[in-house]
Structure formats: C-alpha cells, structure tokens
Amino acid sequence: MSKKDRGVLVRALKFEIFPQESDLETLHTVSQNMRTVWNEGFAARDSVFQEHYAPLYEELRLAKDDAKKEIKRRLAKAFEEHAITAFDQINGLTAWRASNTAFASVPRNWQEQTLVMLHGAMTSFMTLRKNGDKDARPPRAKDEGFFS
C-alpha cells in the first residue's frame, strides 16, 4: 500500500426488494438499531463539539487578527484533550450489546460500520471547520422513520 492510499472506497448499491410481512418487521428492527447506534454516537460527539469546540470557533470568528493565533492554539489543545475516536465508540458497543439482547440481535459489524460512517462524517465536518469553512454543516441525528 502506498503512502498516498487513503483506504477503501465504500460503494452503495441500490436494488428493489419485495419483502414478506415477517421480513418487514426484521428490516424495521435492524434499521431502528442502526439509527439508534448513529444517534447515540452522534449525541456523544455533538456534546463534545458544543462544549469544547463551538465556543472557541465563535471566539475565532469574532477575534481580531492578533488574537487568532492564541485561539487556534487553544482549539488544537481542545482537539487533543477531548477528541472522540471511532475506536472508543466501537469499544463501547461491547457493554451495550451485553446489557441489551435486542440490541445484540443485530450483527456487530453492521453497528461498527455505522460508527465508522459517523466518524467519517464528523471528521469531514471538523476538517472543513479547521480549514476555515464557517458554512460547514455538521452531520445530524437520524429521524424516526429513517431507513438504513
């Protein structure tokens, strides 16, 4: 693998399915599980962002040129101290799955992949913010009825 290789490109495939009534319940349960994984992971990451990063970004937006360097230093320190990694969240699945049999009924690798996708979305957002894009929008929670 070369130094420039950034990993695997994830592709999505769409195809029409014709589930039976019993299959619909299973699909709904799995989708609800994936939405819960996303929303719980997102809530943890969003609370860290709102508590530790957002105030500094607001200060940076309002600061004069001479104060920006110090705010950027504090922002870098906040990233070092408060970052949530995909690894941390994936490890958290173990306790969650042990305490909830319905949650454990869905394959763990599907839940892990959901957290990896969330990590990618948050990393993309944070990179845009670090690079000065004030209009970058964060990922958001998945609403009821969202199918995954």
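The model shown is predicted, which means the values in this text are computed figures rather than measured ones.

J.: Now, about the pattern of salt bridges: what can you tell me, with residues and values included?
T.: All chains considered together, the criterion is met by seven salt bridges. Residues Arg35 and Glu144 are paired through a salt bridge, measuring 3.3 Å at the closest nitrogen-oxygen approach. Here Arg35, found in helix 1 (residues 21–62), pairs with Glu144, found in the segment after helix 5 (108–130); they are 109 residues apart in sequence, far enough to count as distant. Put simply, Arg74 and Glu59 hold a salt bridge, and the shortest N to O gap is 3.0 Å. With Arg74 in helix 2 (residues 65–82) and Glu59 in helix 1, this pair connects stretches of sequence that are 15 residues apart. Overall, Arg74 belongs to the partly exposed group, its relative accessible area being 32%.

J.: Provide a residue-level description of the layout of surface pockets, including the pertinent values.
T.: In this structure, the second largest pocket occupies an estimated 390 Å³ of space. Taken together, 16 residues make up the lining of the second largest pocket; nearest its centre are Tyr57, Leu60, Arg129, Gly132 and Lys134. Residue assignment for the lining of the second largest pocket shows that the elements contributing at least two residues are helix 1, helix 2 and helix 5.

J.: Account for the packing of helix 3 (residues 86–99) against helix 5, naming residues and giving values.
T.: Following both chains from N to C, one finds helix 3 and helix 5 inclined at 150°, their axes separated by 10 Å at the closest point. Once helix 3 is placed against helix 5, the crossing between them reads as right-handed. Facing Ala86, Gln89, Ile90, Asn91, Leu93, Thr94 and Arg97 of helix 3, the residues of helix 5 in contact are Arg108, Gln111, Glu112, Leu115, Val116, Leu118 and His119. Residues belonging to the contact of helix 3 with helix 5 are distributed by class as follows: six nonpolar, five polar and three charged.

Cut-off values and rules
- Residues numbered from 1 in each chain as written.
- Predicted model: local features only at pLDDT ≥ 70, side-chain atom pairs only at ≥ 80, totals over all residues.
- Heavy atoms only, no water.
- Salt bridge = Lys/Arg side-chain N within 4 Å of Asp/Glu carboxyl O.
- Helix = DSSP H or I, 4+ residues; strand = E, 2+ residues; numbered from the N terminus.
- Buried < 20%, exposed > 50% of the residue type's maximum accessible area, 1.4 Å probe, protein only.
- 1 Å grid on protein atoms, 1.4 Å probe; cavity = no way out; pocket = protein on both sides within 12 Å on 5 of 7 lines; lining within 4 Å.
- Points joined across faces, edges and corners; volume = space filled by probe spheres on them.
- Axes fitted to C-alpha atoms, helices over the stretch in contact; angles between N-to-C directions.
- Left-handed = near helix turned anticlockwise from the far one by under 90°.
- Contact = heavy atoms within 4.5 Å.
- Nonpolar A, V, L, I, M, F, W, Y, C, P; charged D, E, K, R; others polar.

Scope: geometric values only; no functional claims are made or implied.
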